[in-house]
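Residue strings, one per chain:
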Amino acid sequence: MFASPLPHPISDSNRKIIETNGPPKRLYQVWKGSNRFFLGGRLIFGPDVRSLVLTIFLIVTPVILFSVFVSQRLVDEFEHHLGHIIVAIAIFFAAYDIFLLFLTSGRDPGIIPRNAHPPEPEDDNSVSDWGGGQGGVSTLPPTKDIIVNNIVVKVKYCQTCMLYRPPRCSHCSICNNCVERFDHHCPWVGQCIGKRNYRFFFMFVSSTTLLCLYVFAFCWINLTKIMEVYECNLWKAVIKSPVSGVLIIYTFIAAWFVGGLTAFHLYLICTNQTTYENFRYRYDRNKNPYNRGCARNVIQIFFSRIPKSKNDFRAKVKEDSATFNSSHSLGHIMSSAKMSFDFDMGVKRQAVVAEEFEEIQSQLDSVSVLERCGTEPLHSNWGSHKGSWEITHDVDALAAEYEIEHVFTEREKIQRHPLDDI
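Not measured: the values here are computed from a predicted model.

S.K.: Can you help me understand the overall build of the protein chain in this one?
M.R.: Within the protein chain, the secondary structure is distributed over 11 helices and 11 strands. Scored against the burial criterion, the 422 residues of the protein chain give a buried share of 36%. When contacts within the protein chain are restricted to residue pairs at least 6 apart in sequence, those whose partners lie at least 24 apart make up 64%. When the accessible surface of the protein chain is totalled, it reaches about 25,100 Å², and 60% of it is carbon and sulfur.

Structure follows, in structure tokens:
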């Protein structure tokens, strides 16, 4: 009998690189952001999408209480079916509010697609060592100056998305995406607020304010009618209709919150600012390069055409390419060793710079020695040997290739001389 060497276990990340013939997947299935997708990628939410349940509860519950306990007396007091109309308007307001909520939360807020590789430097002066590289590798500068309406604006380079962010763009740490005209990430709607959903966000906040004021007003009217009919004071009227008293307190507090938010965003719209810019740059001290005047600013927000999404989340992509690009999300690319893999029909090609091959080969030999000695794979003991073992992801991938080639070589030897090992 002959003994065949056991293949060295390959890590999950390397296995995904090697298996290049997998079935194509949709973009939303390999999306690198933290978003949650529904209906086959047709709806995109933030990672905190479950907060929508609380938001819907806070909107629907007072309307149900108003329709069940308060509206009955209003129907009896008002003639010509006016009471029914009052209830219908409250229900319509609530339905319209929920519709705007999902319109804000379930759409692409303006996500800018990530680059597979860092952009090429425009000139030699744009490349500098500013601490982003490793081992003296040159990287792109962290900022770049552009001119907006004759005002110099600095745009930053995003290491995660590997692109220079357009003006007014920022990277959301919660959704892990660069969002165009980023305003803020709203936990109440579970989504970033950006260029493509800011209009609907403001409509949602303002309609919620009107709904609170509507319920607040008719609860007061209901108490007033009770005081007239029973000729009693306000306290006894609240005792006869406690739901009206509870709703008055609830809607009063909610109206201050969403009403203040509506007023603040009205100010931002009229001055063409975002929440992020208002708290970070303070354009009241400096000139705002995006301010076109109050009228034009309002037209830009409410009457301009909403741009199409730059992402086709249902487009078919290859998972292997998406996985390989994710390993370079920080833009650290080896300039001294370049490798290309072709595992079709067991054929392998690799091109390594000659002066670096000996160092990599020595690391591979140390891995083989550990394997023959019965030691566990190096990547399994990374935590305990972090200070003494420093092997990059590229070397790991090359090690995986080396093991596969080693198995193929041993099998070829056995097939040529089957009786040598007996």
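S.K.: Sorry, what's going on with the nonpolar core here?
M.R.: Here is a general trend for soluble globular proteins: nonpolar side chains tend to be buried in one another's company. In this structure, Phe66, Phe204, Leu211 and Cys219 are the most contacted members of the largest nonpolar core, which totals 37 residues. Put simply, the parts of the chain that give this core at least two residues each are helix H2 (51-77), helix H3 (82-105), helix H4 (198-230) and helix H6 (242-271). Looking at this core element by element, the count peaks at 12 residues for H4. If sequence neighbours within four positions are ignored, phenylalanine 204 has contacts with Thr55, Ile59, Asp97, Leu100, Leu101, Thr104 and Val189. Counting six residues, the second largest nonpolar core, distinct from the first, contains Cys158, Cys161, Cys169 and Cys178.

S.K.: Quick question: what am I supposed to make of the packing of H4 against H6 here?
M.R.: Geometrically, a packed helix pair is captured by the angle between its two axes and the distance between the axes. Between H4 and H6, whose axes approach to 8 Å, the crossing angle comes to 150°. Classified by the angle between their axes, H4 and H6 sit roughly antiparallel to one another. With respect to the hand of their crossing, H4 and H6 are arranged in left-handed fashion. For the contact of H4 with H6, a count of residues per class yields 21 nonpolar, nine polar and no charged.

S.K.: Quick question: what am I supposed to make of the side chain of aspartate 183 here?
M.R.: Looking at the secondary structure, you find aspartate 183 in the loop between strand S8 (177-179) and strand S9 (184-186). Arginine 181 provides the closest opposite charge to the buried, unpaired aspartate 183, separated from it by 4.9 Å. There is a polar contact of 2.7 Å between the side chain of aspartate 183 and the side chain of threonine 275.

S.K.: I'm lost on the pattern of salt bridges in this one. Help?
M.R.: Where side chains of opposite charge bring their charged atoms close, a pairing between them can arise. Evaluated as defined, the whole model comprises four salt bridges. In this structure, aspartate 145 engages lysine 154 in a salt bridge whose closest nitrogen and oxygen atoms are separated by 3.1 Å. Residue aspartate 145 is classed as partly exposed on the basis of its relative accessible area, which comes to 46%. Glutamate 277 is paired through a salt bridge with arginine 168; the nearest N and O atoms lie 2.8 Å apart. Linking glutamate 277 in helix H7 (residues 275-280) with arginine 168 in the loop between strand S6 (163-164) and strand S7 (170-172), this pair joins segments that are 109 residues apart in sequence. Considered together, glutamate 277 and arginine 168 belong to a single accessibility category, that of buried residues. One network of salt bridges, with partners in common, ties together Glu180, Lys195 and Lys310.

S.K.: Explain the confidence of the model for the protein chain to me, please; I cannot follow it from the model alone.
M.R.: Regions with low pLDDT should not have their predicted coordinates read in detail. Here the protein chain shows a mean pLDDT of 76. Residues at 70 or above account for 65%. Counting interchain partners and residues more than four positions distant, the pLDDT-below-50 stretch residues 124-138 has 25 contacts. Note on residues 416-422: pLDDT under 50 across the span, and four contacts to partners over four residues away in sequence or across chains.

S.K.: How should I be thinking about the sheet that holds strand S5 (residues 151-158) in this particular structure?
M.R.: A sheet is described by the order of its strands in space; here three strands give the open sequence S4-S5-S6, paired in antiparallel fashion. Unpaired on one side and paired on the other, strand S4 (143-148) and S6 mark the two borders of the sheet. Both S5 and S6 contribute to a ladder of two bridges, which runs antiparallel. Across the sheet, the residue bridging to tyrosine 157 is tyrosine 164, located in S6.

S.K.: Just checking my understanding: could you explain the packing of aromatic side chains for this structure?
M.R.: Within a pair of aromatic rings, the relevant descriptors are the distance that separates the centres and the angle that separates the planes. The tally for this structure, following the rule as stated, stands at 17 aromatic pairs. The interplanar angle of 50° and the centroid separation of 5.7 Å between the aromatic rings of tyrosine 28 and phenylalanine 37 together place this pair among those described as tilted. When the ring centre of tyrosine 198 is taken as origin, the NZ or CZ atom of arginine 181, which lies over that ring, is 5.4 Å away. Sitting above the plane of the tyrosine 230 ring, lysine 240 keeps its charged end 4.3 Å from the centroid.

S.K.: I would appreciate a short explanation of the packing of H2 against H4 in the present structure.
M.R.: Orientation of H2 relative to H4, taken along the N-to-C sense of each, is 30°, at an axis distance of 10 Å. Judged by the angle between their axes, H2 and H4 are roughly parallel. At the point where H2 passes H4, the crossing takes the left-handed sense. Where H2 approaches H4, its residues Thr55, Ile59, Val63, Phe66, Val70, Arg73, Leu74 and Glu77 are matched on the opposing element by Phe204, Leu211, Val215, Phe218, Cys219, Ile221, Asn222, Lys225, Ile226, Val229 and Tyr230.

What counts as what
- Residues numbered from 1 in each chain as written.
- Predicted model: local features only at pLDDT ≥ 70, side-chain atom pairs only at ≥ 80, totals over all residues.
- Heavy atoms only, no water.
- Helix = DSSP H or I, 4+ residues; strand = E, 2+ residues; numbered from the N terminus.
- Buried < 20%, exposed > 50% of the residue type's maximum accessible area, 1.4 Å probe, protein only.
- Contact = heavy atoms within 4.5 Å.
- Areas by Shrake-Rupley, 256 points an atom, 1.4 Å probe, with all protein chains shown as cover.
- Core = buried A, V, L, I, M, F, W, Y, C linked by side-chain atoms within 4.5 Å.
- Axes fitted to C-alpha atoms, helices over the stretch in contact; angles between N-to-C directions.
- Parallel < 35°, antiparallel > 145°, perpendicular 65-115°, else oblique.
- Left-handed = near helix turned anticlockwise from the far one by under 90°.
- Nonpolar A, V, L, I, M, F, W, Y, C, P; charged D, E, K, R; others polar.
- Lys, Arg positive; Asp, Glu negative; His and termini not counted.
- Salt bridge = Lys/Arg side-chain N within 4 Å of Asp/Glu carboxyl O.
- Polar contact = N/O pair within 3.5 Å; in protein donor to acceptor, adjacent residues only side chain to side chain.
- pLDDT = per-residue confidence, 0-100.
- Pairing = 2+ DSSP bridges.
- Phe/Tyr/Trp six-rings, centres within 6.5 Å; stacked < 30°, edge-to-face > 60°.
- Lys NZ or Arg CZ within 6 Å of the ring centre and 35° of its normal.

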